[in-house]
Amino acid sequence: MIKIAVFASGGGSNLQALIDAQDTGLFKGKIALIFSNVPDCGAMKRAENERIEAVAIASKGYPGSREEYDAEVLRLCQSKKIDLICLAGYMRIITSVLIKAYPFKIMNVHPALLPKFGGEGMYGHHVHEAVIKAGEKESGATVHFVTEGVDAGPIVLQGNVKVMGTDTPETLAEKVLKVEHHIYSESVRLFCEGKIKVVDGRVRVSL
Ligand code: GRF
């Protein structure tokens, strides 16, 4: 059984989608830990309701470096024997301390079709505003492995939505979020079934 940690900093709708997918038996994995850098975020409240072990270490005011912070997070994950880390609205760039310890075992969900509209500063409403401003007719969501480099790792799954002339960043975010929930659960399913391989920096999914 693959042991999963979900890292979140915000409302936690992706976390909820993963919990729901687990409960319906979509993937053979267990969410064994919910971690946050924001102790009072919505995701932590969801964890409480679901009775899943949740740990928060406030990044705001943390006395050490980013690497020291991640070393603490790593020790936590190792102590729980975590196999897969899912970043789900985790608003913090993680360092090589975690990335090296979990090669191609950390996934992230991004609210656009990477490699477009990714990188530093491209998060939350900024992404949807940029998509609309560029006049894109299509947007979507991407699940990718986390490597060093923001939003740059191998793509696991993507899903599309149409961008209508009447869309606002809010309506687009809502549509994209639905796709995120779906492709994230599917990506975790594929991982748990051992169907994802990274070859030459690209993901190969075996069916
Ligand atoms: C999602 O749009 C995700 O792509 C981004 O942050 C948002 C998190 O939403 N990284 P939620 O906290 O899962 O509801």
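Model, not experiment: these values are computed from the prediction.

**A look at the site of the ligand**
Next, step 1: The environment of the ligand is made up of Gly10, Gly11, Gly12, Ser13, Asn14, Gly89, Val109, His110, Pro111, Leu177 and Glu180.
Next, step 2: A distance of 3.4 Å is found between an oxygen atom of the ligand and a backbone nitrogen or oxygen belonging to Gly11.
Next, step 3: In the environment of the ligand, an oxygen atom lies 2.8 Å from a nitrogen or oxygen atom belonging to the backbone of Asn14.
Next, step 4: If the ligand stood free it would expose 370 Å²; the protein chains cover 81% of that surface.
Next, step 5: Counting residues domain by domain, the shell around the ligand receives three or more from each of domain 1 (1-102) and domain 2 (109-207).

**Topic: unusual backbone geometry**
Next, step 1: Of the consecutive residues Leu114 and Pro115, the connecting peptide bond is found in the cis state with omega at 10 degrees.
Next, step 2: Tracing the chain through its elements places Pro115 in the loop between β5 (106-110) and α5 (125-133).
Next, step 3: Of note in this structure, Lys81 is not a glycine but carries a positive phi near 55 degrees.
Next, step 4: Within the secondary structure, Lys81 is located in the loop between α3 (66-79) and β4 (84-87).
Next, step 5: Look at Asp151: it is not a glycine, yet its phi comes out positive at around 60 degrees.
Next, step 6: With respect to the helices and strands, Asp151 occurs in the loop between β6 (138-145) and β7 (155-162).

**A few points about the packing of helix α1 (residues 13-23) against helix α6 (residues 169-192)**
Next, step 1: Between α1 and α6, the shortest axis-to-axis distance is 9 Å and the interhelical angle comes to 45 degrees. Relative to α6, the element α1 is oriented oblique. In terms of crossing hand, the pair formed by α1 and α6 is right-handed. Contacts from Ser13, Asn14, Ala17, Leu18 and Ala21 in α1 reach Leu177, Glu180, His181, Tyr184, Ser185 and Val188 in α6.
Next, step 2: A per-class count over the contact of α1 with α6 returns 6 nonpolar, 4 polar and 1 charged.

**Describing the environment of Val109**
Next, step 1: Among the secondary structure elements, Val109 is positioned in strand β5.
Next, step 2: According to the relative accessible area criterion, Val109 is buried, its value standing at 9%.
Next, step 3: Measuring from C-alpha to C-alpha, the distance between Val109 and Ile155 comes to 9.9 Å, with 46 residues separating the pair along the chain.
Next, step 4: Setting aside chain neighbours within four positions, we find Val109 in contact with Asn14, Leu87, Thr142, Val143, Glu180 and Tyr184.

**Comments concerning α1**
Next, step 1: Most of α1 is tucked away, with 8 of its 11 residues classed as buried.
Next, step 2: For α1, the complete set of buried residues consists of Asn14, Leu15, Gln16, Ala17, Leu18, Ile19, Ala21 and Gln22.
Next, step 3: Where α1 is buried, its residues meet β1 (2-7), β2 (29-36), α2 (42-50), β4, β5 and α6.
Next, step 4: Phi turns positive, to about 80 degrees, at Gly25, one or two residues after α1.

**Digging into the domain arrangement of the protein**
Next, step 1: Under the domain assignment, the protein is made up of domain 1 (1-102) and domain 2 (109-207).
Next, step 2: Of note, the centres of domain 1 and domain 2, computed from C-alpha atoms alone, are 19 Å apart.
Next, step 3: Counting residues at the interface gives 22 residues for domain 1 and 18 residues for domain 2.
Next, step 4: Across the domain 1 to domain 2 interface the summed buried area is about 1600 Å²; carbon plus sulfur atoms make up 71%.
Next, step 5: On the domain 1 side of the contact with domain 2, Asn14, Leu26 and Ile99 bury the most area, a combined 28% of that side's loss.
Next, step 6: Here domain 1 and domain 2 share 0 salt bridges between them.

**Description of the pattern of salt bridges**
Next, step 1: As enumerated under the stated definition, the model contains 6 salt bridges in all.
Next, step 2: Residue Lys80 is joined to Glu53 by a salt bridge in which the shortest nitrogen-to-oxygen separation is 3.1 Å. Highlighted residues: Lys80 in the loop between α3 and β4 and Glu53 in the loop between α2 and β3 (54-56), separated in sequence by 27 residues.
Next, step 3: For Asp167, the salt bridge goes to Lys175, with nearest N and O atoms at 2.6 Å.
Next, step 4: Exposure remark for Asp167: the relative accessible area of 12% places this residue in the buried category.
Next, step 5: What makes Lys175 partly exposed here is its relative accessible area of 27%.
Next, step 6: Through salt bridges with shared partners, a single network forms among Glu186, Arg189, Glu193 and Lys195.

Calculation criteria
Residues numbered from 1 in each chain as written. Predicted model: local features only at pLDDT ≥ 70, side-chain atom pairs only at ≥ 80, totals over all residues. Heavy atoms only, no water. Near = heavy atom within 4 Å. Polar contact = N/O pair within 3.5 Å; in protein donor to acceptor, adjacent residues only side chain to side chain. Areas by Shrake-Rupley, 256 points an atom, 1.4 Å probe, with all protein chains shown as cover. Domains from an automatic or database assignment. Helix = DSSP H or I, 4+ residues; strand = E, 2+ residues; numbered from the N terminus. Axes fitted to C-alpha atoms, helices over the stretch in contact; angles between N-to-C directions. Parallel < 35°, antiparallel > 145°, perpendicular 65-115°, else oblique. Left-handed = near helix turned anticlockwise from the far one by under 90°. Contact = heavy atoms within 4.5 Å. Nonpolar A, V, L, I, M, F, W, Y, C, P; charged D, E, K, R; others polar. Buried < 20%, exposed > 50% of the residue type's maximum accessible area, 1.4 Å probe, protein only. Buried area = accessible area lost by both parts, 1.4 Å probe. Salt bridge = Lys/Arg side-chain N within 4 Å of Asp/Glu carboxyl O.

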